[in-house]
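# Overview (structure and organization)
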Amino acid sequence: GTVVNFLTGLALFGSTYLFSLFCGAVMRYSALDIGRVFLVAGALQLVLMPLVGRLAPKLDGRALLVLGVVGVAASQMLAGELTSLAGFSDLVRPQILRAIGLSFIFIPVSVMALSDLDPATRGNATGLFNLTRELGGSIGTAWMGVVVTNGLKLHGSALGAHVTPFDPVVQEQLAAMAGNVGTRAASGALVPEALLQLRASGQALVMSFTDGFRLAGLAILLGLVAIAVMKRPKTGVVASGAH
C-alpha cells in the first residue's frame, strides 16, 4: 500500500506540474485559464470521493485500486497525445480521467495499508504513510522537470538535423513562409528561417511533454505489481486521516 501511495504521489504531483507547464508554455494559457481546466476535474473528484468511500468497505479494495491505477495511467497516455492545436475540451478530458482514477485510489489504498495495524501504532503509521506520498510528489516533480529539459535538447537536436537547405520539404516550407511574410518585414529573407526554427523548437517542446506524460503513466502502472501481492483487508476498518 505504501508503494502504491508513493507512486500515486509521483504521478499526481509530477503530472500536475507537467500539465500546468504544458498549458502555459505550449498553449499560452493564463493562470486563470489553467485553473479552469483543473476546476472541472476537481469538481468531479469532489463528487466521486464520498461514493468510493461508501463502496470501499463492500468491495475488494484491490479491484478498486486496479481500476484507479489503470485510470490514472490511461489519463497520462491520453495527455501524451496533446499538441499545440488542442482545445479546452481536449485538455479537460485527461484531467477528468485522472480524477476518476485517483478517486478509486485514495481511500482504498489507505484502508489496504493500515487495516492490519493496531490502534496504538496506526497514528504513527498514518504519518509515515502520508509522508511517502509527499516524497513521491517531490521526486515526481523534479523528475518531470529533468525529462522536459533533457527532451528539449534531444528532440531539438533530432529535428534540427533534418532541417537542412538541401531538403525539398524545408525549401517548400521556407518558400511558403516567404510568400506569407512578403514585404512586411525589413529582412524578409531571414524571417522564414527564424519562423521555421521557432516551429521546430515548439515541436521539440511538445515532444518533451509527451515523454513526461507517458513516463508518469508507466510509473503509476508499477503499482499493479504491489497490488498483486496485497492481501484482502479486514472488514469494518476505517483508516481515518490517511488521505
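First things first, this report covers the structure right here in the doc. Remember, it's a predicted structure, so these values are computed and weren't measured experimentally.

The rules behind these values
- Residues numbered from 1 in each chain as written.
- Predicted model: local features only at pLDDT ≥ 70, side-chain atom pairs only at ≥ 80, totals over all residues.
- Heavy atoms only, no water.
- Core = buried A, V, L, I, M, F, W, Y, C linked by side-chain atoms within 4.5 Å.
- Buried < 20%, exposed > 50% of the residue type's maximum accessible area, 1.4 Å probe, protein only.
- Helix = DSSP H or I, 4+ residues; strand = E, 2+ residues; numbered from the N terminus.
- Contact = heavy atoms within 4.5 Å.
- Patch = residues over 30% accessible without salt bridge, like charges linked within 9 Å, V, L, I, M, F, W, Y side chains within 5 Å.
- Areas by Shrake-Rupley, 256 points an atom, 1.4 Å probe, with all protein chains shown as cover.
- Salt bridge = Lys/Arg side-chain N within 4 Å of Asp/Glu carboxyl O.
- Axes fitted to C-alpha atoms, helices over the stretch in contact; angles between N-to-C directions.
- Parallel < 35°, antiparallel > 145°, perpendicular 65-115°, else oblique.
- Left-handed = near helix turned anticlockwise from the far one by under 90°.
- Nonpolar A, V, L, I, M, F, W, Y, C, P; charged D, E, K, R; others polar.
- 1 Å grid on protein atoms, 1.4 Å probe; cavity = no way out; pocket = protein on both sides within 12 Å on 5 of 7 lines; lining within 4 Å.
- Points joined across faces, edges and corners; volume = space filled by probe spheres on them.
- Phe/Tyr/Trp six-rings, centres within 6.5 Å; stacked < 30°, edge-to-face > 60°.

Turning our attention to the nonpolar core. Membership of the largest hydrophobic core comes to 25 residues, with the highest contact counts inside it found for Leu65 and Ile220. Where this core is concerned, the elements lending two or more residues are α1 (2–25), α2 (31–55), α3 (61–79), α5 (106–114) and α9 (223–228). Residue contacts for Leu65: discarding those within four places in its chain leaves Phe104, Ile105, Pro108, Val109, Met112, Ile227 and Met230. Counting 21 residues, the second largest nonpolar core, distinct from the first, contains Leu18, Phe19, Ile34 and Val148.

So, about a nonpolar patch on the surface. The grouping of Leu135, Ile139, Trp143, Leu215 and Leu218 at the surface amounts to a nonpolar patch, some 420 Å² of accessible area in total. The element that contributes the greatest number of residues to the nonpolar patch is helix α6 (residues 119–162), accounting for three residues. Its place among the elements puts Leu218 in helix α8 (residues 191–221).

In this section: the pattern of salt bridges. A complete count under the given rule lists five salt bridges for this structure. Of the charged contacts in the structure, one is a salt bridge between Asp60 and Arg62, with a shortest N-O distance of 2.6 Å. Assessed through its relative accessible area of 26%, Arg62 is described here as partly exposed.

This next bit is on the packing of α3 against helix α4 (residues 88–103). Where α3 meets α4, the closest approach of the two axes is 7 Å, and the angle between their N-to-C directions is 165°. With respect to their mutual orientation, α3 and α4 come out roughly antiparallel. Pair α3 / α4 crosses with left-handed handedness. Within the contact between the two elements, α3 uses Gly68, Gly71, Val72, Ala74, Ser75, Gln76, Leu78 and Ala79 and α4 uses Arg93, Pro94, Leu97, Arg98, Gly101 and Leu102. Tallied by class, the residues present in the contact of α3 with α4 amount to seven nonpolar, five polar and two charged.

All right, on to the layout of surface pockets then. Each pocket or cavity is described by its volume, and for the second largest pocket that value is around 250 Å³. Every residue lining the second largest pocket is counted, 12 residues in all, and those nearest its centre are Ala25, Val26, Arg28, Gly202 and Leu205. At seven residues, the largest contribution of residues to the lining of the second largest pocket is made by α8. For the lining of the second largest pocket, the residue count by class is five nonpolar, five polar and two charged.

What follows concerns the environment of Leu222. Mapped onto the secondary structure, Leu222 falls in the loop between α8 and α9. On the accessibility criterion, Leu222 (52% relative accessible area) is exposed. Spatially, the C-alpha atom of Leu222 lies 8.2 Å from that of Val4, the residues being 218 residues apart in sequence.

Structurally, Ser103 is set in helix α4. Taking relative accessible area as the criterion, Ser103 reaches 0% and is therefore assigned buried. Those residues in contact with Ser103, other than ones at most four positions away along the chain, are Gln45, Leu48, Met49 and Val52.

Let's shift gears to the packing of α3 against α5. Direction vectors running N to C along α3 and α5 enclose 135°, while the axes themselves pass 9 Å from each other. In this view, α3 runs oblique relative to α5, as classed from their interaxial angle. With respect to the hand of their crossing, α3 and α5 are arranged in left-handed fashion. Residue-level contacts link Gly61, Arg62, Leu64 and Leu65 of α3 to Pro108, Val109 and Met112 of α5.

Our focus in this paragraph is the packing of aromatic side chains. In total, this model carries four aromatic pairs according to the counting rule given. Their ring planes at 80° and their centres at 5.7 Å tell us that Phe19 and Phe38 sit as a pair that is edge-to-face. Placement of Phe19 in helix α1 and of Phe38 in helix α2 is noted, with a sequence separation of 19 residues between them. For Phe19, a relative accessible area of 1% translates into the label buried. For the pair Phe22 and Phe209, a centre-to-centre distance of 5.5 Å together with 90° between the ring planes defines the contact as edge-to-face. Taken together, the positions of Phe22 in helix α1 and Phe209 in helix α8 put the pair 187 residues apart, joining distant regions of the chain.

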